[in-house]
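# A closer look at the structure
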Amino acid sequence: MQNVRHGRLMPVASEFATTELRNVQYCVQRAYGELLAIDTDITEIAKSALELANTYQARVIRTPKSYDDGWPVIHFNKIRLFSV
């Protein structure tokens, strides 16, 4: 955080991270809030990323339930299905 505070690093966050961090421990929320207060760029979720997610759901590669954990778990038998 000191590097961010002193301007050596510029924080970048995403809409996804902001959503994911709503249900975490207070100390994490506080640190994230501090980052947001330091001129953090927040990137939007690209339309193409949402379209890709919809394609994966349509092909039953990933289900909506798998998005809730925030970390994709890839089964080896599904890897070749990710070539959209």
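Shown above is the structure to which this text applies.
The structure contained in this document is the topic of the report that follows. (Residues numbered from 1 in each chain as written. Predicted model: local features only at pLDDT ≥ 70, side-chain atom pairs only at ≥ 80, totals over all residues. Heavy atoms only, no water.)

## A few points about the overall build of the protein chain
Threshold: Runs of E in the DSSP output that reach at least two residues are strands. Runs of H or I that reach at least four are helices, and both are numbered from the N terminus. Only protein chains enter the accessibility calculation, which uses a 1.4 Å probe. A residue is then buried if its area is under 20% of the maximum for its type, exposed if over 50%, and partly exposed in between. We call two residues in contact when some of their heavy atoms are within 4.5 Å. Values of accessible area rely on a 1.4 Å probe in the Shrake-Rupley scheme; residue burial ignores everything except the protein chains shown.
Secondary structure assignment for the protein chain yields five helices and two strands. Counted from the first residue to the last, the protein chain has its helices and strands arranged as α-β-α-α-β-α-α. Taking all 84 residues of the protein chain together, 11% fall into the buried category. In the protein chain, the share of contacts with a sequence separation of at least 24, taken over all contacts with a separation of at least 6, comes to 59%. Per element, the accessible surface of the protein chain, about 6900 Å² overall, is 57% carbon and sulfur.

## A few points about a nonpolar patch on the surface
Quick reminder of the rule: For patch detection, residues must exceed 30% relative accessible area and be free of salt bridges, and they are connected within 9 Å for like charges or within 5 Å for nonpolar side chains (Val, Leu, Ile, Met, Phe, Trp, Tyr). For this document, the term salt bridge refers to a Lys or Arg side-chain nitrogen within 4 Å of an Asp or Glu carboxyl oxygen.
On the surface, a nonpolar cluster with roughly 260 Å² of combined accessible area is contributed by Phe16, Ile45 and Leu50. Of note, Leu50 is situated in helix H4 (residues 47–58). Since its relative accessible area comes to 46%, Leu50 is described here as partly exposed.

## Quick word on H4
The α-helix winds at 3.6 residues per turn, so residues separated by three or four positions along the chain end up facing the same way. Which entries qualify depends on this criterion: Every helix has an expected span of 1.5 Å times one less than the residues it contains.
Helix length check: H4, at 12 residues, gives a terminal C-alpha distance of 16 Å against a target of 16 Å (1.5 Å per residue), a fit within 8%. Residue Val60 follows H4 closely and has a positive phi angle near 55°.

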